[in-house]
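The chain contents come next:
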Amino acid sequence: MRRDSIQRRLIATVVLSQAILTAGLLITGVLVTYWRLLSSLDAGMEARTMSVAALVRYTEDASGNVYFDNSLLPESIDPNHPDQFMVWADRTGLLTHSEDWPDGLQFEPGPNQHWNFTFAGVPYHASRVQHLPILDREEGKAFQPQTLTIVYASPTIRIRQQVKAAGAFIALVSVLLLGATGWLALWGIRRGLSPLQALAEQAARVSAKSWQLQPPKEAEEIEELRPLTESMTQMLARLQNSFVQQREFLGNAAHELKTPVAVLKTTLQSLLQRSRSSEEYRAGLQAALQDLDRLEQLLQWMLRLARAEQWAQDGRRREFERIDINATCEEAVERIRSLAESRHTAIQLATDGPVPFRADPEDLQLVWTNLLENAVRYSPEGGSVEVEVAHDEHGAKIIFQDRGAGISAADLPHIFDRFYRGDPSRTRATGGFGLGLAIAKALVEAYGGSITAESAPGKGTRMTVELPVGREKEPKG
Amino acid sequence: MRVLVVEDEPRLAENVARSLRESAGYAVDVAGDGQEGLFLAESNAYDVMLLDLMLPKLDGMEVLRRIRQSGQHTPVLVITARDDKESVVALLNAGADDYLTKPLDLGELLARTKALIRRGKGQPWPVLVIGDLELNTVNRTVQRGGRAITLTAMEYRVLEYLAHRPRAVVSKTELLEHLYDYNWEKFSNVIEVYISGLRRKLNEGSSRQLIRTLRGQGYMLQE
């Protein structure tokens, strides 16, 4: 792959535009010079044509015949290249021409005209003028004047040389200026791009250990670089967040797996420590199987959480049917019913009309079941749990209220952290892994919703899930 | 010997306690959280303490710190899921004597526990020798003058405790405290029964008395 460089491109642009400018200047300069020289040549030729016309004399009779008096010929415009002229009188015909008139050069009388021609390798500028001389005559005598036609041609060799010299001078100066501006552009562009270089150096220092990007001051001051540094900083923050989250998850998972593995391992080891009766072996193996079941459950919950967190980060992408949130709540209540009955806890579900929402019903049921299970477990025996589904133009609220012991203020901010157990002895006794609320939160967030907990110790806990019903994000991608 | 196990995962505590009872013949008390662990450690005499770090109510590090602050010398073996250098250093600096990382190996746990008990009582070698008496704490066998002696479990425990502290006077109360766990009814006269049984078995084919009785004070094992 060919490596392109902004610097090279910018310099090329500058040099190219300068070159176009130079060429324009050169052409304009040459044309203007040529035009000015030519018009001064025209003026000189006009004066000389008049001088030549003045040399045409009438004879001293009344015939109106003319003759040419070549005693006072005007000097050539360019002394090195003699001018040529030819004079006609309308009755007399060709009257005269210049002394060294080239053989074979022919002109006809005609109307006034300016033109260029080349003869025998010499470029000429020519003009043809018709002229009726005003005569200094005695009054009263009959006289018939003749109209003269004068062709006057002047070689333009000197003009050409002058134009060439001017062009060469302009070109030389332009090339020098071009070089100077090119060098200036190079210097300016290098200097202008140096913040980018500094930024790249800073960016190279970012690593999994040090996520902080410190944009160099010079880069921060530059308007064009600000969107870049800002988006880099934001991107790094997002990356770091996701990286830290994954590392945390891995660390947590490895840590949480150690205990159930230790349980299983020690169960089997203690079984082997001495010889036992077959009943003891049987009991020991059954205990080991139970330990393994628990390990398996933990793994399932972890996978569920990992998936939910992934969804929460990407947004749930799949296209879903519209389902009724009430129906998922009813299903969740049904799933928890046997647990609730065993604890003599009543679950009251209050709904107010169907609440359509695009979602996978399994996801929502999992959220409701997790919240309900917590509410039931932390309610005193014979207590009650209330579930309320409310819905307005801002979205839907699903509220789970229990009348249990509540959550201490110290634990409340952490209850949605994965593997967090406010009171481990209690949750362990109830079989929790500290993942249920983390999964609920991740799933709710995957649907663009939020989950909050309020708790008054001794009075109970209230979990509120808000879902963007009626303003769901259109699925991406 | 009496061991305190502070572990919040009941199945793990159960397995460790059973292993210590069955394979080492120790009396074992189990605490399910830090507070209970601290209470037991402060109110009983243990020869070693196994302490999990992640505990409800009071975390293991805090239990350890408080035990050491109250001036207890009981060896502490910490059970931790973290084995990074920093946390191990922090543990040892907080007064732990040794550590084990999860998932545990029960064989290693037993060996380390025994080693800690030994060291706590100034004995470097797992085979304790007092005169012509040899007590092997690894496979729990006793020999006197090359002759193997078969002891009951309780007799062995009494002798093992005495052998860890040779030439020291050990009171009946101390023996009771170190040989029975929390749930046991303690009657001091059972000790006398074990001591007399031990004397009888140890003295077979030998005239020299190994266990001396110091009236009103206790017992002493010497060559």
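Computed from a predicted structure; not experimentally measured. (Residues numbered from 1 in each chain as written. Chains lettered and ligands numbered in written order. Predicted model: local features only at pLDDT ≥ 70, side-chain atom pairs only at ≥ 80, totals over all residues.)

Caption draft 1: Spotlight on the overall build of chain B. When its secondary structure is counted, chain B shows eight helices and 11 strands. Out of the 223 residues belonging to chain B, those deemed buried represent 39%. Across chain B, the fraction of contacts at a sequence separation of at least 24, relative to all contacts at a separation of at least 6, is 59%. (Helix = DSSP H or I, 4+ residues; strand = E, 2+ residues; numbered from the N terminus. Buried ≥ 20, exposed ≤ 12 C-beta atoms within 10 Å, placed from the backbone. Contact = placed C-beta atoms within 7 Å.)

Caption draft 2: Layout of the confidence of the model for chain A. Residues with a pLDDT of 70 or more make up 92% of chain A, whose mean pLDDT is 83. For residues 425-430 of chain A, every residue scores under 50 in pLDDT, and the model assigns this stretch nine contacts once sequence neighbours within four places are set aside. (pLDDT = per-residue confidence, 0-100.)

Caption draft 3: Region of interest: the packing of helix α2 (residues 34-43) of chain B against helix α3 (residues 60-69) of chain B. Residues and elements named next belong to chain B. Direction vectors running N to C along α2 and α3 enclose 20°, while the axes themselves pass 9 Å from each other. Relative to α3, α2 is oriented roughly parallel. Here α2 and α3 pass one another in a crossing that is right-handed. Contacts between α2 and α3 involve Gly34, Gly37, Leu38 and Ala41 from the first element and Gly60, Glu62, Val63, Arg66 and Ile67 from the second. Looking at the contact of α2 with α3 residue by residue, the classes come out as four nonpolar, three polar and two charged. (Axes fitted to C-alpha atoms, helices over the stretch in contact; angles between N-to-C directions. Parallel < 35°, antiparallel > 145°, perpendicular 65-115°, else oblique. Left-handed = near helix turned anticlockwise from the far one by under 90°. Nonpolar A, V, L, I, M, F, W, Y, C, P; charged D, E, K, R; others polar.)

Caption draft 4: Structural view of the sheet that holds strand β9 (residues 147-149) of chain B. Residues and elements named next belong to chain B. The strand order across the open sheet built from four strands is β6-β7-β8-β9, with neighbouring strands paired in antiparallel fashion. The open sheet has two edge strands, β6 (127-130) and β9, and neither has a second partner. The mean angle between the axes of side-by-side strands here comes to 25°, regardless of whether they run parallel or antiparallel. Summarising the sheet, strand β7 (residues 133-136) and strand β8 (residues 141-144) pair through four bridges and their orientation is antiparallel. Bridge pairing in β8 places Leu135 opposite Val142. (Pairing = 2+ DSSP bridges.)

Caption draft 5: A look at the interface of chain A and chain B. Chain A puts 18 residues into the contact, and the matching count from chain B is 18 residues. The dominant element in the side of chain A that touches chain B, judged by the number of residues it contributes, is helix α4 (residues 226-272) of chain A, at 11 residues. Residue composition of the side of chain A that touches chain B, by class: four nonpolar, eight polar and six charged.

Caption draft 6: Looking closely at the pairing of strand β5 (residues 113-119) of chain A. In terms of burial, β5 of chain A is largely open, as just zero of its seven residues are buried. Hairpin remark: β5 of chain A followed by strand β6 (residues 122-131) of chain A, antiparallel, with two residues in the connecting loop; positive phi at Ala120 of chain A, about 50°.

Caption draft 7: Broad picture of unusual backbone geometry. That bond from Lys102 of chain B to Pro103 of chain B is cis: its omega, -5°, falls within 30 degrees of zero. Checked against the element boundaries, Pro103 of chain B lands in the loop between β5 (98-101) and α5 (106-120). A positive phi is found at His344 of chain A, a non-glycine position, where the angle reads about 55°. Position of His344 of chain A relative to the elements: it lies in the loop between α6 (325-342) and β9 (346-350). Overall, the presence of 12 C-beta atoms within 10 Å leaves His344 of chain A in the exposed class. Positioned with a positive phi, Arg140 of chain B is a non-glycine residue whose angle comes to about 55°. Assignment of secondary structure puts Arg140 of chain B in the loop between β7 and β8. Take Arg140 of chain B: there are 15 C-beta atoms within 10 Å of it, and that puts it in the partly exposed class.

Caption draft 8: Inspection of α5 of chain B at higher detail. With 15 residues, α5 of chain B ought to run about 21 Å at 1.5 Å a step, and its terminal C-alpha atoms sit 21 Å apart, in line with that. Along α5 of chain B, the residues that are buried comprise Leu106, Leu109, Thr113, Leu116 and Ile117 of chain B. Looking straight down α5 of chain B, one finds its buried side chains confined to an arc of 100°; they lie on one side. Summarising the contacts, the buried residues of α5 of chain B are in contact with α4 of chain A together with β1 (2-6), α1 (10-24), β3 (48-52), β4 (76-80) and β5 of chain B. Once α5 of chain B finishes, Gly122 of chain B follows within two positions and takes phi at roughly 75°, a positive value. (Expected span 1.5 Å × (residues − 1). Arc of directions from axis to C-beta.)

Caption draft 9: Molecular detail of the environment of Gln7 of chain A. Residue and element names in this part refer to chain A. Mapping Gln7 onto the fold places it in helix α1 (residues 6-54). Along the sequence, Gln7 and Gly192 sit 185 residues apart, while their C-alpha atoms lie 9.6 Å from each other. Residues contacting Gln7, with those up to four places away along its chain left out, are Ile189, Arg190 and Leu193.

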